Amino acid sequence: MTDSPTAATAAQAATGPKQARSRVTRRHLLEAAVSCLAEHGWAGSTVSAVAERAGVSRGAAQHHFPTREDLFTAAVEYVAEERSTALRDLFHAGPAARPAVVEALVDLYTGALFRAALQLWVAASNEDQLRPRVTELEARVGRETHRIAVELLGADESVPGVRETVQGLLDMARGLGLANVLTDDAARRARVVAQWSRILDTTLS
């Protein structure tokens with residue numbers, strides 16, 4: 001016996017809202033995981049703590065992410081993708097004024113995402129199970145960020161030294177993010193951003 005068209009339609013209608021709720025729950029878990037890592041570090045970030053912050057049960061959290069490692073690597077990857085999308089949206093018309101691009105790139109490394117990623121890096125240095133996953137994730141995020149930087153800066157990497165200059169910019173941004181973890185480094189950061197904009201103008205021109 002097969003379902004009637006009416007029954008099949010009703011089942012599809014019920015599945016839609018269920019999938020939408022599942023996506024919302026997953027997003028809340030990922031955002032809560034990043035907040036926990038940024039605020040409490042790896043040791044203080046458990047699946048239970050994340051589930052409570054997200055307003056769901058531990059069982060619901062484990063349905064989406066069976067292990068702790070699954071949850072936190074997915075969380076950092078999710079927010080990295082969101083930040084990359086937001087960065088592209090800021091400059092949707094393509095290459096932009098270099099000071100604005102440099103400042104936007106530096107901002108990627110001075111918020112909660114960077115703090116969460118930093119905690120994940122520290123944990124991975126001591127957790128054999130976590131290390132290969134974080135290493136692969138960081139390599140993928142790094143490649144994507146580099147591609148975005150090249151695009152927004154209008155850089156021609158066929159010119160000797162340009163690729164290294166763009167990578168140096170990203171390494172500098174990461175270093176500023178690290179300095180900002182301990183103190184408010186905004187004033188010095190503004191001067192460094194201005195200087196790097198001048199360096200890029202010279203190198204990329």
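Source: prediction; values computed, not measured.

A. The packing of aromatic side chains, seen in detail. Across all of its chains, the model carries three aromatic pairs by this definition. Ring centres of Trp-42 and Phe-72 lie 5.5 Å apart, and the angle between their planes is 65°; on these two criteria the pair is classed as edge-to-face. Remark: Phe-72 occurs in helix α4 (residues 68-90) and Trp-42 occurs in the loop between α1 (5-40) and α2 (47-54); sequence separation between them is 30 residues. For the pair shown, Trp-42 and Phe-72 are each scored as buried. Ring centres 6.0 Å apart and planes at 75° place the aromatic pair Tyr-109 and Phe-114 in the edge-to-face group. The class of Tyr-109 is buried, set by a relative accessible area of 10%. An aromatic cluster is present here, built from Tyr-109, Phe-114 and Trp-121 joined pairwise through their rings. The ring of Trp-42 has Arg-68 lying over it, and the distance from NZ or CZ to the ring centre is 3.8 Å.

B. Looking closely at the confidence of the model for the chain. Chain-level statistics for the chain give a pLDDT mean of 84 and a share of 92% at 70 or above. The weakest mean pLDDT in the chain belongs to α1 at 77; the strongest belongs to α2 at 94.

C. Highlighting the packing of α4 against helix α7 (residues 131-153). In the contact formed by α4 and α7, the axes pass within 11 Å of each other and the chain directions differ by 0°. When the axis of α4 is compared with that of α7, the two are roughly parallel. Residues Glu-69, Asp-70, Thr-73, Val-76, Glu-77, Ala-80, Ser-84, Leu-87 and Arg-88 of α4 lie in contact with α7, whose contacting residues are Arg-133, Val-134, Leu-137, Arg-140, Val-141, Glu-144, Ile-148, Glu-151 and Leu-152. In terms of residue class, the contact of α4 with α7 is made up of eight nonpolar, two polar and eight charged.

D. Region of interest: helix α6 (residues 112-126). In this model α6 runs 22 Å from its N-terminal to its C-terminal C-alpha over 15 residues, within 8% of the 21 Å that 1.5 Å per residue would give. Listing the buried residues of α6 in full gives Leu-113, Phe-114, Ala-116, Ala-117, Leu-118, Leu-120, Ala-123 and Ala-124.

E. Focus on the nonpolar core. Counting residues in hydrophobic clusters, the biggest one holds 31 residues, and the most contacted among them are Val-50, Leu-71, Phe-72 and Leu-120. Among the elements of the structure, α1, α2, α4, α6 and α7 are those that each provide at least two residues to this core. Broken down by element, the residue count for this core peaks at eight residues, all from α4. Setting aside anything within four residues of it in sequence, one finds Leu-71 in contact with Leu-29, Leu-30, Ala-33, Val-47, Val-50 and Phe-65. The next biggest cluster of nonpolar side chains, apart from the first, holds 29 residues, and it includes Leu-108, Phe-114, Leu-152 and Val-162.

Rules behind the numbers
Going along each chain's sequence as written, the residues are numbered from 1 onward. The model is predicted, so local features are restricted to residues of pLDDT at least 70 and side-chain atom pairs to those at 80 or more, both for listing and for counting; the totals for chains, interfaces and linings are taken over all residues. Think of the side-chain values as coming from all heavy atoms in the structure, minus any hydrogens and water. Under the pairing criterion, centres of Phe, Tyr and Trp rings, with the six-membered ring standing for Trp, must be within 6.5 Å; the plane angle then separates stacked pairs below 30 degrees from edge-to-face pairs above 60, leaving the rest tilted. For helices the rule is a DSSP run of H or I covering at least 4 residues; for strands it is a run of E covering at least 2, with both sets numbered from the N terminus onward. Only protein chains enter the accessibility calculation, which uses a 1.4 Å probe; a residue whose area is less than 20% of its type maximum is buried, one above 50% is exposed, and one in between is partly exposed. Only lysine NZ and arginine CZ atoms are considered, and such an atom sits over a ring when it is within 6 Å of the ring centre and within 35 degrees of the ring normal. Scored from 0 to 100, pLDDT records how confident the predictor is in each individual residue. In this analysis, axes come from line fits to C-alpha atoms, helices being fitted only over the stretch in contact, and the angle between any two N-to-C directions falls in the range 0 to 180 degrees. By definition in this entry, angles of less than 35 degrees are roughly parallel, angles greater than 145 are roughly antiparallel, angles of 65 to 115 are roughly perpendicular, and the rest are oblique. Throughout, a contact is declared for two residues whenever any of their heavy atoms are within 4.5 Å. For this classification, the nonpolar set comprises Ala, Val, Leu, Ile, Met, Phe, Trp, Tyr, Cys and Pro, the charged set comprises Asp, Glu, Lys and Arg, and every other residue, Gly included, is treated as polar. Expected helix span is given by 1.5 Å per residue-to-residue step, counting one fewer step than there are residues. Definition used in this section: a nonpolar core is a set of buried Ala, Val, Leu, Ile, Met, Phe, Trp, Tyr and Cys residues joined via side-chain atoms within 4.5 Å.

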